[in-house]
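# Notes for the structure review
Chain residues, written in single-letter form:
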Amino acid sequence: MSENSRPSGVPEYGPHQVNPEWPPPPAHTPAAPAHRRQRGPAKLLVAVAIVAAAVGGTTAYGVQELTGGTSAGVTASSAAGTDVVPASLKGTVAGVAKAVSPSIVEIKAASSSGSATGSGVIVTEDGEVVTNNHVVAGASQIQVRTNDGKSYSARVVGTDNSKDLALIKLEDASGLKAATLGDSDGVRVGDQVVAIGSPEGLTGTVTSGIVSALDRDVTVSTDESQGQQQQRGGGWPFEFGGQEFNGDTGGSTTTYKAIQTDASLNPGNSGGALIDMNGDIIGINSAMYAPSGAESSTAGSVGLGFAIPVNTLKADLPDLRAGAGG
């Protein structure tokens, strides 16, 4: 079409430009559909997100990897879907320590018979802390120090000596970093683990090892008077395989299934965390063989420690929060 044949009012377009209004569409051309089918990466991510909502944490974690970020609203409670450890440090002891140490506390419990030092795991931002019953049993005063050096008074909320678990509450605490409770049913022998606690009062001590065995029958004392043995040259007394360790367990005992680990544990680690490499808590450290006297000069790190599976804790938390005792 020549310039003279162009209708008045129609702008001139260069050779690589398109006039969206010229020529006008034929009268018989069907109207464009109201909705276009979505194509490309956006459609793929929408589809993946729908699947994630259907099958849970594992696929949701896949969405995070695809999008390079975190998936809003996804709360990880198992090793498959956690995002506790920074991506650049995943699978490393340093990464686990960096992510979880702020959730581990030191506990000093005083009673009429002396004092005991143990560890605990923060489970709520306002100061609920899980520990071993034997750490706080019979305590008249409890002081807790967090990873950043702050100190709090605490009170016992509930105890369960049949599982050697207790829940305490820090006074006037807020904004604390709660740990992520994992799934101990998914733990396998040979899995790498990290332990964090306050052995001998050394707050925030990190050790590592593997899961040595599962479902070990560990017997511990439920006698409150035994609790102070940690401060008298030995660890919390327990029985395993028909033998007594760290002294006499006494006549009042309970037996539970435990995770065995070779991560180095010492007196004061009781109530601290056993953690998988994703940063999830898989157990509460409760018993360890701690040679004393002549034995200790040659034994070194024995690598014989036990933890209460975190699923046992999760099942017990409602009763502990309700003020269970005994």
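Residues numbered from 1 in each chain as written. Predicted model: local features only at pLDDT ≥ 70, side-chain atom pairs only at ≥ 80, totals over all residues. Heavy atoms only, no water.

### Thoughts on the confidence of the model for the protein
Residues at a pLDDT of 70 or more form 62% of the protein, whose mean pLDDT is 76. A low-confidence stretch, residues 294-300 stays under pLDDT 50, and its non-local contacts, those more than four residues away or across chains, total three contacts. (pLDDT = per-residue confidence, 0-100. Contact = heavy atoms within 4.5 Å.)

### Some remarks on helix H3 (residues 93-100)
Of all the residues in H3, the buried ones are Gly95, Val96, Ala97, Ala99 and Val100. For H3, the elements touching its buried residues are strand S1 (104-111), strand S7 (192-197), strand S8 (205-221), strand S12 (273-276) and strand S13 (281-288). (Buried < 20%, exposed > 50% of the residue type's maximum accessible area, 1.4 Å probe, protein only. Helix = DSSP H or I, 4+ residues; strand = E, 2+ residues; numbered from the N terminus.)

### Describing the environment of Gly190
With respect to the secondary-structure elements, Gly190 resides in the loop between strand S6 (165-170) and S7. Separated by 23 residues in sequence, Gly190 and Ala213 have C-alpha atoms that sit 8.1 Å apart. Here Gly190 is in contact with Ile210 and Val211, once residues within four sequence places are set aside.

### Observations concerning the sheet that holds strand S4 (residues 141-145)
Paired through backbone hydrogen bonds, the strands of a sheet run either parallel or antiparallel to each other. With antiparallel pairing, six strands are arranged side by side around a closed barrel as S1-S2-S3-S6-S5-S4. Each strand axis lies, on average, 40 degrees off the axis of its neighbour in the sheet, ignoring direction. Here five bridges tie S1 to S4, and the two strands are oriented antiparallel to one another. Across the sheet, Ala109 pairs through a bridge with Ile142, a residue of S4. Running over the sheet, helix H6 (residues 310-321) touches strand S3 (128-131), strand S5 (151-160) and S6 and is turned about 55 degrees from S6. (Pairing = 2+ DSSP bridges. Axes fitted to C-alpha atoms, helices over the stretch in contact; angles between N-to-C directions.)

### Details of H6
Helix length check: H6, at 12 residues, gives a terminal C-alpha distance of 16 Å against a target of 16 Å (1.5 Å per residue), a fit within 8%. Within H6 the residues assigned to the buried category are Val310, Asn311, Leu313, Asp316, Leu317 and Leu320. Looking at the buried positions of H6, the neighbouring elements they touch are S3, S5, S6, S13 and strand S14 (305-309). Two residues or fewer past H6, Gly323 is found with a positive phi of approximately 90 degrees. (Expected span 1.5 Å × (residues − 1).)

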